[in-house]
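# Architecture and fold: a report
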Amino acid sequence: MRNYMQASVSISLMITFCVGCDKSILSTAAPAKSLRFSNPGAISNLEGAVSGEVWGVSIKIAETSDGGCSSTFVGGVTASEGAIDAKQTIVAGDVTIEFAADGFEPIVLKVNSKGYGQIEEGDELSIDADRNVTINNELRLPL
């Protein structure tokens, strides 16, 4: 009986230790990030000013040349890798914004065919009337 009690205490301690150190024993692992492409967002043009969100990036464009606005997506999406060679193109009057990404990598930004480096979900992209590009209130120059 004494050996049975020692074994029970040892097993209980080991289970307690393992549960405290490794949460994956009791639950399935969740993806580190949600798919940025699962919700493509929405963008609208009201009285010449564009606003909206695409791929988790807030977008504001001042004084577009006309009232039109369009957005197209090209690429593939998988649950494990996110987007594979994905590209979203937003056209609002005289401004064309391109987002490109592969998997969960940062988004590569182009505005009117000029590269502006990388951005992330949660960033705020703003393009003023003079077509200056700011990311999170910081002026970004073309590369």
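Worth saying up front: this structure is predicted, and the values here are computed from it rather than measured. (Residues numbered from 1 in each chain as written. Predicted model: local features only at pLDDT ≥ 70, side-chain atom pairs only at ≥ 80, totals over all residues. Heavy atoms only, no water.)

### Some points on the pairing of strand β6 (residues 95-103)
This is how it is decided: A pair of strands is treated as paired once DSSP finds two or more bridges between them. Here a strand is any run of E in DSSP of at least two residues, a helix any run of H or I of at least four, and the numbering for each starts at the N terminus.
Summarising the sheet, β6 and strand β7 (residues 107-111) pair through four bridges and their orientation is antiparallel. Within β7, the residue paired with E98 across the bridge is K110. Hairpin connection of β6 to β7: three residues between the antiparallel strands.

### Description of the confidence of the model for the chain
Reading predicted coordinates in detail is not appropriate for stretches of low pLDDT. Rules: Residue-level confidence of the predictor is summarised by pLDDT, bounded by 0 at the bottom and 100 at the top. We call two residues in contact whenever any of their non-hydrogen atoms come within 4.5 Å of each other.
The share of residues in the chain with pLDDT of 70 or more is 64%, and the mean pLDDT across the chain is 76. Element-level mean pLDDT values for the chain span from 51 in helix α1 (residues 2-21) up to 98 in strand β10 (residues 133-135). pLDDT under 50 marks residues 16-20. Its contacts with residues more than four places away, or in other chains, come to two contacts. Counting interchain partners and residues more than four positions distant, the pLDDT-below-50 stretch residues 22-31 has two contacts.

### Concerning the pattern of salt bridges
For side chains bearing opposite charge, pairing can occur when the charged atoms are close. Applicable threshold: Salt bridges are identified by distance alone: a Lys or Arg side-chain nitrogen within 4 Å of an Asp or Glu carboxyl oxygen. Only protein chains enter the area calculation, which uses a 1.4 Å probe; residues under 20% of their type maximum are buried, those over 50% are exposed, and those in between are partly exposed.
Per the counting criterion, the structure on display carries two salt bridges. Between R131 and D94 there is a salt bridge, with the nearest N and O atoms lying 3.0 Å from each other. A residue pair is termed long-range when its members are at least 10 positions apart, and R131 in the loop between β9 (124-127) and β10 and D94 in the loop between β5 (82-92) and β6 qualify at 37 residues. Exposure remark for R131: the relative accessible area of 17% places this residue in the buried category. Assessed through its relative accessible area of 39%, D94 is described here as partly exposed.

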